[in-house]
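Structural features, examined
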Amino acid sequence: QVQIEESGGGLVQLGGSLKLSCAASVLTFSHFKMGWYRQAPGKQRELVADISSAHYVRYADSVRGRFTISRDDSKKTVYLQMNSLKPEDTAVYYCQASGVTSDYWGQGTQVTVSS
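Bear in mind that the values here come from a model prediction, so they are computed numbers and not experimental data.

1. Some details on the state of the cysteines
- Under the definition given, this model contains one disulfide.
- Each sulfur of the disulfide joining Cys22 and Cys95 lies 2.0 Å from the other. Where Cys22 bonds to Cys95 through sulfur, the torsion about that S-S bond is close to -80 degrees, and the disulfide is left-handed. Of this pair, Cys22 sits in strand β3 (residues 18–24) while Cys95 sits in strand β9 (residues 91–98), and the two are 73 residues apart along the sequence. The residues Cys22 and Cys95 share a single accessibility class, namely buried.

2. Some points on the side chain of Asp89
- Following the sequence through the fold, Asp89 ends up in the loop between β8 (77–82) and β9.
- Only 2.9 Å separates the side chain of Asp89 from the side chain of Arg38, close enough to count as a polar contact.

3. Comments concerning the sheet that holds β8
- In spatial order, the strands read β1-β3-β8-β7; together these four strands make up an open sheet with antiparallel pairing. Taken across any chain shown, the strands that pair with only one partner, and hence form the sheet edges, are β1 (4–7) and β7 (67–72). Averaged over all neighbouring strand pairs, the angle between strand axes comes to 15 degrees, with direction disregarded.

Quick notes on the rules
Counting restarts for each chain, with residues numbered from 1 along the sequence as it is written. Residues qualify for local features only when their pLDDT is at least 70, as the model is predicted, and side-chain atom pairs are given and counted only at 80 or more; totals for whole chains, interfaces and linings, by contrast, use all residues. Only hydrogens and water are set aside when side-chain values are computed; all heavy atoms of the structure are taken into account. The disulfide definition used here is simple: a pair of cysteine sulfur atoms within 2.5 Å. Helix and strand assignments come from DSSP, with helices taken as H or I runs of at least 4 residues and strands as E runs of at least 2, each series counted from the N terminus. Accessible area is worked out with a 1.4 Å probe on protein chains only. A residue is then buried under 20% of its type maximum, exposed over 50%, and partly exposed in between. Contacts described as polar in this section are N or O atom pairs within 3.5 Å, which, within protein, must combine one atom able to donate a hydrogen with one able to accept it, while residues neighboring in sequence count only if both atoms come from side chains. Only strands joined by at least two bridges in the DSSP assignment are considered to pair. Fitted lines through C-alpha atoms serve as axes, helices being fitted only where they are in contact, and the angles separating the N-to-C directions of these axes extend from 0 to 180 degrees.

In C-alpha cells form, the structure reads like this:
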C-alpha cells in the first residue's frame, strides 16, 4: 500500500511564498523519482519540477528561478519551495512518486495566488 500526502497549500498574494511538502509512505523512497505537477482549471496537468533518486532536478521554464524542489530521503519527503508567486501559479499541486513499475499520486493541495 502506497500513500502520498501533500500539504502546505493555501492563499498567498502576488510575490509571496509557500512551501509544499509531500510525504510518501513507500518502502524504498530513495529509489523513486519524485515530482510536483499542477493543474489549473481547464488546463492539462503539467510538470512543475522533479528530482531523481540521485537528486538531479528539472524545472518547467515557467517556474525556473522561482521554485526549488528538494528531497529528504530520511524523512521520505519531497518539498517545493515557491517564491515570487504569480496568479498564473494558481492550481492544484500534485505530488508524484515514480517507481520502476508504477506511478503514485497524491490527492493534491490547492495553491491560490491573488493579485
